Amino acid sequence: MEYKDMEDYVNLQREKWETYGCTIMCDGWIGPTKLSIINFMVYSKGSTIFLKYVDASEKIKDNKYIYGLLKDVIKEVGEANVVQIVTDNGSAFVKAGKLLMKKYNLYWTPCAAHCIDLMFEDIGKRDSVAQLIGNGRKITNFIYNHGCLLAKMRQVCGGDIVRPGATRFATNYIALDSLLKKRADLKKVFISNEWSSHKLSRTLVWHEVERLMFDHQYWEKVEKLVSIYEALYTMLRIVDSEVVPTMSFVYELIRLIKANLDRLKAKEWVKLIIADRWDRTLKHPLHAAAYYLNPKFQYRPGVGCNPKLLQVVHEVFSKLDPNSDGLCNFGNEEFGDRAAIASRSKMVPGENHAPTLRTLALKVLSQTASSSACERNWSTFALIHTKQRNRLAYPRLQQLVFCYYNMKLKIRDMEAETDKVTENNFLDLLEISAEFGEEDENQLFQWVRPLNLDDEYGNPDPRIAAHVREAGVDVE
């Protein structure tokens, strides 16, 4: 694989930006060799490309520095093509983003996945929830700290328990859900004659774990917490997708989560956490405009004529294209004709009959809501720039990562095109009632499955590794 070949592919993607607009994503990372880099990627209508990275090891990464870097990237991408910049909620990125909004006709938006992760964190800080998670860790740690018990558990349960993570707060939900589903089989292990005769069954630690395992009230509380977490986790999976533009789903997903909390009779403090993070961090004019412009939602009673939504769309249009000749006519071009209403379930967002809105709709609805692609690229850097292989010159490392990750993204896009993902009903993404054991059969999980560079054993994807070997990198 030649570097020029991958450049040609990236340039092909660039051609879409003028029509569909694009999102600039950036994120920082410190690798195993203490190399501090800032990653820049560009998203447009279901396709992501790795643009470049900057070595910031010797720089003070304040808002002025981030602002300067993003100005250069905007110039490289084309100011007229950029709809938004998406970053995490680090103070330097937030301040730089807001400064750029004053200078350019674009938006800065917070990463939706990061905001949802913060909702998980806020809920997990509650003493009652922290205690439930801590007790779950006691059970899993006890099992995983004893080889004979672990082997028996795997035999009876048919696999591992997902263990709570230290950094990703959504993993607490995954872990508790996994523990809940394996509870009956775990009890079989602990009431067996084999276990009762084992010396571990007479330890003080086991007696504490036994109390938890057979505490009915504890498991009732876990079930309630998992049910509250479930819709939030599904929203995280959806906004984390790169295959389908997710900008128009954020507004609707928050509405569904609030409705789900009411249905579950969740406590008021949980609702306040979700509402506070939404109002203070995640809520953004682009989300509201995308919601209105999506034909799926625009025809709902009270949406198409909602004055607040109409005002937001007008403001977004004014911001992105202040010199448009059609701006004065906005508001007279709605999606109300019968043919459009009848076909709303089959229409792809942006394909409407209002010419003034069409340009705006295409650009807004073709964007992502998260910058997760940047985070997933760090495994590429970690693979290529290791402690054993840390003398790669900056241009060489840049080219290798450019080729490796863009090849992975290209293959992902080809697979999505083969599966005709974008032809499916977009509202299928909003189905939050699927069982998490049905990922292989459920379309949602096929769409939003995370992008991994390695297989389940930690080995590089063979299709990508073959190309990287040609470039001179040892991936073993």
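The present account deals with the structure reproduced in this document. (Residues numbered from 1 in each chain as written. Predicted model: local features only at pLDDT ≥ 70, side-chain atom pairs only at ≥ 80, totals over all residues. Heavy atoms only, no water.)

### Some thoughts on a positive patch on the surface
Our working definition: Patch definition: residues above 30% relative accessible area lacking any salt bridge, with like charges linked at up to 9 Å and the nonpolar side chains Val, Leu, Ile, Met, Phe, Trp and Tyr linked at up to 5 Å. Here the accessible surface of atoms and residues is derived via Shrake-Rupley with a 1.4 Å probe, and residues count as covered only by protein chains that are part of the display. The term salt bridge refers to a pairing of a side-chain nitrogen on Lys or Arg with a carboxyl oxygen on Asp or Glu at a separation within 4 Å. The convention is simple: Lys and Arg are positive, Asp and Glu are negative, and His and the chain ends are not counted. Charged groups are reduced to one reference atom each: NZ for lysine, CZ for arginine, CG for aspartic acid, CD for glutamic acid. Secondary structure is summarised from DSSP: a helix means a run of H or I of at least four residues, a strand means a run of E of at least two, and numbering begins at the N terminus for each. Think of it in three bands: residues with accessible area under 20% of the maximum for their type are buried, residues over 50% are exposed, and the middle band is partly exposed, with areas taken using a 1.4 Å probe on protein chains only.
A contiguous patch of positive charge, built from Arg126, Lys221, Lys224 and Lys267, is present on the exposed surface. Positionally, Arg126 belongs in the loop between α5 (112–125) and α6 (127–144). Assessed through its relative accessible area of 39%, Arg126 is described here as partly exposed.

### Observations regarding empty space enclosed by the protein
Stated precisely, the cut-off is as follows: The method works on a 1 Å grid over the protein atoms by themselves. A cavity is a set of points holding a 1.4 Å probe that cannot get out, a pocket is an open set with protein on both sides within 12 Å along at least five of seven lines, and residues with an atom within 4 Å of a point line them. Grid points are joined across faces, edges and corners, and a volume is the space filled by probe spheres set on the points. All residues other than Ala, Val, Leu, Ile, Met, Phe, Trp, Tyr, Cys, Pro, Asp, Glu, Lys and Arg, Gly among them, are scored as polar; the first ten of these are nonpolar and the last four charged.
In total, this model carries 4 cavities of 30 Å³ or more according to the counting rule given. Counting residues per element, the ones that place at least two in the lining of the largest cavity are α12 (216–239), α13 (250–263) and α14 (268–282). At 4 residues, the largest contribution of residues to the lining of the largest cavity is made by α12. Of the residues assigned to the lining of the largest cavity, the class counts are 9 nonpolar, 1 polar and no charged.

### Some thoughts on the nonpolar core
Soluble globular proteins tend to pack their nonpolar side chains together in the buried interior. The cut-off we apply is this: Take the buried residues of types Ala, Val, Leu, Ile, Met, Phe, Trp, Tyr and Cys, join any two whose side-chain atoms come within 4.5 Å, and each joined set is a nonpolar core.
Grouped together as the largest cluster of nonpolar side chains are 137 residues, with contacts concentrated most on Ile123 and Ile143. The greatest single-element share of this core, amounting to 14 residues, is contributed by α12.

### Overview of the packing of aromatic side chains
Applicable threshold: Aromatic contacts are taken between Phe, Tyr and Trp rings whose centres are within 6.5 Å, Trp giving its six-membered ring; a plane angle under 30 degrees counts as stacked, one over 60 as edge-to-face, and the others as tilted.
In the structure shown here, the tally under the stated rule is 12 aromatic pairs. Measuring from centroid to centroid gives 6.3 Å for Tyr173 and Tyr229, while their planes differ by 80°, and the two rings are edge-to-face. You can see Tyr173 sitting in helix α8 (residues 170–181) and its partner Tyr229 sitting in helix α12, a full 56 residues away along the chain. Taken as a pair, Tyr173 and Tyr229 share a single burial class, namely buried. With a centroid separation of 5.2 Å and an interplanar angle of 80°, the aromatic rings of Trp195 and Trp206 are classed as edge-to-face. Here Trp206 lies in helix α11 (residues 204–213) and Trp195 lies in helix α10 (residues 193–196), a separation of 11 residues in the sequence. Residue Trp195 is classed as buried on the basis of its relative accessible area of 6%.

### Thoughts on helix α7 (residues 147–157)
The condition that has to hold: Think of it as the arc spanned by the lines of direction from the helix axis to the C-beta atoms. It only takes one pair of heavy atoms within 4.5 Å for two residues to be counted as in contact.
Burial in α7 covers these residues: Leu149, Leu150, Met153 and Cys157. Looking down the long axis of α7, one finds its buried residues gathered within 100° of arc, a one-sided arrangement. Exposed residues on α7 whose side chains face more than 90 degrees from its buried face are Gly147 and Gln155. Those residues of α7 that are buried lie in contact with α6, α9 (183–190) and α10. Two residues or fewer past α7, Gly158 is found with a positive phi of approximately 75°.

### A few points about the sheet that holds strand β2 (residues 36–44)
Spelled out, the test is: Here a strand pair is declared whenever DSSP counts at least two bridges between the two strands. Simply put, an axis is a line fit to the C-alpha atoms, just over the touching stretch for a helix, and the angle between two N-to-C directions goes from 0 to 180 degrees.
The strand order across the open sheet formed by 5 strands is β3-β2-β1-β4-β5, and the pairing between neighbours is mixed. The open sheet is flanked by β3 (47–55) and β5 (107–110), the only strands paired with a single partner. Strand after strand, the sheet turns through a mean of 25° between neighbouring axes, direction not considered. With 8 bridges joining them, strand β1 (residues 22–30) and β2 adopt antiparallel strand pairing. What sits directly across from Gly28, in β2, is Ile38. Strands in contact with helix α4 (residues 91–103) are β1, β4 (82–87) and β5; relative to β5, the strand with the most contacts, it is inclined by about 155°.

### Structural notes on the environment of Glu79
Structurally, Glu79 is set in the loop between α3 (63–77) and β4. For the pair formed by Glu79 and Gly21, sequence separation is 58 residues and the distance between their alpha carbons is 9.9 Å. Contacts of Glu79, omitting those with residues within four sequence positions, involve Ile74, Tyr104 and Asn105.

### Here's the deal with α4
Put simply, the test is: One less than the number of residues in a helix, times 1.5 Å, gives the span that helix is expected to have.
Counted at 1.5 Å a residue, the expected span for α4 with its 13 residues is 18 Å, and the 19 Å between its end C-alpha atoms agrees. Considering only its buried residues, α4 is in contact with β1, α3, β4 and β5.

### Remarks on the packing of α6 against α7
Worth spelling out the cut-off: Geometric relationships in this document are graded by angle, where less than 35 degrees denotes roughly parallel, more than 145 denotes roughly antiparallel, 65 to 115 denotes roughly perpendicular, and other angles denote oblique.
Running from N to C, α6 and α7 point in directions that differ by 105°, and their axes come no closer than 6 Å. Comparing their axes, α7 and α6 come out roughly perpendicular. Residues Phe142, Ile143 and Tyr144 of α6 touch α7, and the partners they reach there are Leu149, Leu150, Met153 and Arg154. A breakdown of the residues in the contact of α6 with α7 according to their chemical character gives 6 nonpolar, no polar and 1 charged.

### Regarding unusual backbone geometry
A negative phi holds for most residues other than glycine; trans holds for most peptide bonds. Within the chain, Lys45 stands out as a residue other than glycine whose phi angle is a positive 45°. In this structure, Lys45 sits in the loop between β2 and β3. Relative accessible area serves as the criterion here: at 38%, Lys45 is assigned to the partly exposed category.

### Looking at the pairing of β4
Going by this rule: Seen with its strands pointing away from the viewer, a crossover is right-handed when the path leading from the first strand over the helix to the second is clockwise.
Burial runs high along β4: 6 of the 6 residues are buried. Here β4 runs beside β5; their pairing, made up of 4 bridges, is parallel. Counterpart to Ile85 in the pairing with β5 is Trp108. The parallel pair β4 and β5 is bridged by α4, and the resulting crossover is right-handed.

### Thoughts on the pattern of salt bridges
Evaluation of the coordinates by the stated rule reveals 14 salt bridges. For Glu76, the salt bridge is made with Lys52, and the minimal N-O distance between the two is 3.6 Å. Highlighted residues: Glu76 in helix α3 and Lys52 in strand β3, separated in sequence by 24 residues. According to the relative accessible area criterion, Glu76 is partly exposed, its value standing at 34%. One salt bridge connects Asp262 with Lys271, and the closest N-O pair in it is separated by 2.9 Å.

### Side note on the packing of helix α15 (residues 285–293) against helix α17 (residues 307–320)
For clarity, the threshold we go by: Crossing chirality is assigned from the near helix's rotation relative to the far helix, an anticlockwise turn below a right angle marking it left-handed and a clockwise turn marking it right-handed.
Where α15 contacts α17, the two axes come as close as 9 Å, and the packing angle between them is 115°. Taken as axis vectors, α15 and α17 run roughly perpendicular relative to one another. Every pair of crossing elements has a handedness; the one defined by α15 and α17 is left-handed. Taken together, the residues of α17 that come into contact with α15 (itself represented by Pro285, Leu286, Ala288, Ala289, Tyr291, Tyr292 and Leu293) are Leu309, Leu310, Val312, Val313 and Val316.

Purely geometric stuff here, so don't read any function into it on its own.
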